[in-house]
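Summary of the model geometry
Spelled out, the chains give:
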Amino acid sequence: MASLFSLSLLLLFLSFVTAAIDDSQFTFHEATIETIHLAFAQNRLTSRQLVHFYVDRVQTLNPSLRCVLELNPDALHQADEADRLRAAAGGDGTTLGHLHGIPVLLKDSIGTDDKLNTSAGSYALLGARVARDAFVVERLRSAGAVILGKASMSEWYSVRSFEMPSGWCARGGEGLNPYVKSGDPCGSSSGSAIAVAANMVAVSLGTETDGSIICPGDHNSVVGFKPTVGLTSRAGVIPLSPRQDSIGPICRSVSDAVHVLDAIVGFDPRDEATGEAAKFIPMGGYKQFLREDGLKGKRLGIVRKPFLDSFKGSTAASAFDQHLVTFWSNGATVVDNLEIENIGIILNPAQSGEMALLLAEFKHTLNEYLGGLSNSRVKSLAEVIAFNSNNPDLEKMEEYNQDGLIAAEMTNMLDEEVVEAERRMKQLSEEGFEKLMKENELDAMVTLGADAATVLAIGGYPALTVPAGYDDNGMPFGICFGGLKGSEAKLIETAYAFEQATRMRKPPLSYSTEFHYPHYQ
Ligand SMILES: *[C@@H]1O[C@H](CO)[C@@H](O)[C@H](O)[C@H]1NC(C)=O
């Protein structure tokens, strides 16, 4: 009896102790910019500890997930500097940048003028020097962010080869979906999405030309935000298409994505498109639109055909109908069963001309970009192709050919087919998505999965994906919100209210069981 009694006393005591520890300890898992900043302010966490934690986690998980290509040798130093500045400010966070001490992972195509390489996943660009940080990196640094490293991606945005899988590059191999081992992580910003999904970094940046933020976000149960083309500068980022490229955040929550977006938007004289788009940026930034009642009064257009076809009869399809009820019960008007004109053509890049146009734009703009590098082994697309042929082992040419690069090299921006494709893209957008939005007076188009990304890509429209559930084998799916140019405020209100009402994201199980809370110095 006595021993049983003391055992229960001991257990009681232990449960008190663990409760006390849980209260005082910062939770690395699913940490947000807000929880990190709160922990900084309460002296429960330093940026150094956070960077240590993430570096450790990358070293443990990356051999299987293959989402990080390089860690920044200066990350700890940058964290120390952030900690020092915060101490000097006497804990007054208001004088510090909005991303102060926050580790950020960058897609490998986003240029940094530091020890990190910027290579689009290819060995051809190792050792090359960029003239300066990409504008978005400059902005991240001045907001106080710590650059943690570079994320893996589909090599040359998938242009490397028509036969390689999404999320593959010679330097990193094939990225793994953290939810379903055999699942597609989806590219091209695969590494950015995998890493935030598996809690290997706080927030990340990706880039999208057609689906490259929305699809990895969707497939890895994270939030992906592709802004209106030009809202974020592309200067210093390896280009694919000036008409369609956009730089945006991939994060675990809408709120984090919006904090990062606020840091990176703005006019940049080195990217003409930012001059036009700067007028969209609201006074006080985008944070003001993180409203829990953001669905109230919104008109949401539901497009099922053909986006629901691949989900017919699945858990995702019934979850989608459930989510429509959520929209409606939170005050939105749901306009169902809308259709986009010429959707079959829009979704077929050979028919629409998108493929031909992208390949031509890639050659043209990549040659410009490569010409601006110093110490580069390759100064043109033709030299990239030659590098691959001359280094078949490095570039794993036995595994995947480079027919995409070769096809791009054969294009010419002045070709009739290319000129005509550009005209057709415009027309398809005006008679398709624009008309749908305007005739139905919609605030956002809502679709299941990531396939609507193309509709939004070809016209430079913004898109935001939010986790919406998991199918029967655990594969995540998201809901994609799309809007007219400059409609970020409405998309944020809608997506944030939906996220808060549903809270569908769950961290990947297989990568949370090995989770523990060691002490980082
Ligand atoms: C960048 O690539 C070079 C190889 O050219 C390598 O020596 C260096 O370690 C790489 N940088 C980082 C931070 O990994």
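Going by what an unreviewed UniProt entry lists, the protein chain is known as Probable amidase At4g34880 isoform X1 and is assigned to Rhodamnia argentea.

1. Topic: helix α3 (residues 47-65)
Largest kink in α3: about 35°, centred on Q59, with the proline P63 one to four residues after it. Of all the residues in α3, the buried ones are S47, L50, V51, F53, Y54, R57, V58, L61, N62 and L65. Where the residues of α3 are buried, they touch α2 (33-41), β1 (68-71), α4 (75-88), β2 (103-107), β3 (146-151) and α6 (190-197). Of the residues one or two after α3, R66 is the one with positive phi, at around 50°.

2. Structural notes on the site of the ligand
The environment of the ligand is made up of E70, L71, P73, K115, N117, L126 and G127. E70 has a polar side-chain atom sitting 3.4 Å from an oxygen atom of the ligand. Considered on its own, the ligand offers 360 Å² of accessible surface; in the complex 51% of this is hidden by protein. Among the residues making up the shell around the ligand, the classes are represented as three nonpolar, two polar and two charged.

3. Side note on the packing of helix α8 (residues 254-264) against helix α18 (residues 488-502)
Contact pair α8 / α18: the axes reach a minimum separation of 9 Å and the direction vectors enclose 150°. In terms of orientation, α8 and α18 fall into the roughly antiparallel class. Between α8 and α18, the contacting residues are V254, S255 and V258 on the first element and I492, A495, Y496 and E499 on the second. Split by residue class, the contact of α8 with α18 holds five nonpolar, one polar and one charged.

4. Some details on the pattern of salt bridges
Using the criterion set out here, one finds 27 salt bridges in the structure. For E70, the salt bridge identified is with R171, shortest N-O distance 2.7 Å. Placement of E70 in strand β1 and of R171 in the loop between β4 (168-169) and β5 (173-174) is noted, with a sequence separation of 101 residues between them. Measuring nitrogen to oxygen at the nearest pair gives 2.5 Å for the salt bridge that ties E493 to K298. Highlighted residues: E493 in helix α18 and K298 in the loop between α9 (273-277) and β9 (299-303), separated in sequence by 195 residues. The class of E493 is buried, set by a relative accessible area of 13%. On the basis of relative accessibility, which here comes to 8%, the residue K298 falls in the buried class. Put simply, E70, D108 and R171 are held in one network by salt bridges that share partners.

5. What about the sheet that holds β9?
Taken in spatial order, the 11 strands make up an open sheet running β1-β3-β2-β6-β8-β7-β12-β13-β11-β9-β10, and their pairing is mixed. Strand pairing shows two members of the sheet lacking a second neighbour, β1 and β10 (333-338), which therefore form its edges. Taken over all neighbouring pairs, the strand axes of this sheet differ in orientation by 25° on average, direction set aside. Of the pairings in the sheet, the one linking strand β11 (residues 444-448) to strand β13 (residues 476-482) comprises four bridges and is antiparallel in character.

6. Here's the deal with the packing of helix α10 (residues 315-329) against α18
To describe two helices that pack against each other, one gives the angle between their axes and the distance between the axes. Remark: α10 packs on α18, axes separated minimally by 10 Å, with the N-to-C direction vectors making an angle of 110°. Comparing their axes, α18 and α10 come out roughly perpendicular. At the point where α10 passes α18, the crossing takes the right-handed sense. Contact with α10, carried on its side by H323, T326 and F327, involves F498, A501 and T502 of α18 and no other residues of that element. Across the contact of α10 with α18, the residue classes break down as three nonpolar, three polar and no charged.

Each value, and the rule that gives it
- Here, residues in each chain are numbered from 1, in the same order as that chain's written sequence.
- Under the rules for a predicted model, residues below a pLDDT of 70 receive no local features and side-chain atom pairs below 80 are neither given nor counted, while totals for whole chains, interfaces and linings still include all residues.
- As a convention, hydrogens and water are excluded, and side-chain values are obtained from all of the structure's heavy atoms.
- Note that bend, as reported per residue, equals the angle between axes fitted to the 7 residues terminating at that residue and the 7 residues originating from it.
- The helix count covers DSSP runs of H or I at least four residues long, the strand count covers runs of E at least two residues long, and both are numbered beginning at the N terminus.
- The cut-offs for exposure are 20% and 50% of the maximum accessible area for each residue type, with area from a 1.4 Å probe on protein chains only; residues under the lower value are buried, those over the upper are exposed, and the others partly exposed.
- Any two residues whose heavy atoms approach within 4.5 Å at even a single point are treated as in contact.
- Think of it this way: one heavy atom of a residue within 4 Å of a molecule or strand is enough to make that residue near it.
- Polar contact is the term for a pair of N or O atoms within 3.5 Å; when the atoms are in protein, one must be able to donate a hydrogen and the other to accept it, and sequence-neighboring residues count only if both atoms are side-chain atoms.
- Here, Shrake-Rupley sampling with a 1.4 Å probe gives the accessible areas, and only protein chains in the shown set may cover a residue.
- As a working rule, the residues Ala, Val, Leu, Ile, Met, Phe, Trp, Tyr, Cys and Pro are called nonpolar, Asp, Glu, Lys and Arg charged, and the rest polar, with Gly in that last group.
- Fitting a line to C-alpha atoms yields each axis, with helices limited to the stretch in contact; the angle taken between N-to-C directions then spans 0 to 180 degrees.
- Small angles under 35 degrees read as roughly parallel and large ones over 145 as roughly antiparallel, with 65 to 115 read as roughly perpendicular and the rest as oblique.
- A pairing counts as a salt bridge when a side-chain nitrogen of Lys or Arg comes within 4 Å of a carboxyl oxygen of Asp or Glu.
- In this scheme, strands are said to pair when DSSP sees at least two bridges between them.
- Crossings are assigned a handedness: left-handed for a near helix turned anticlockwise from the far helix by less than a right angle, right-handed for a clockwise turn.

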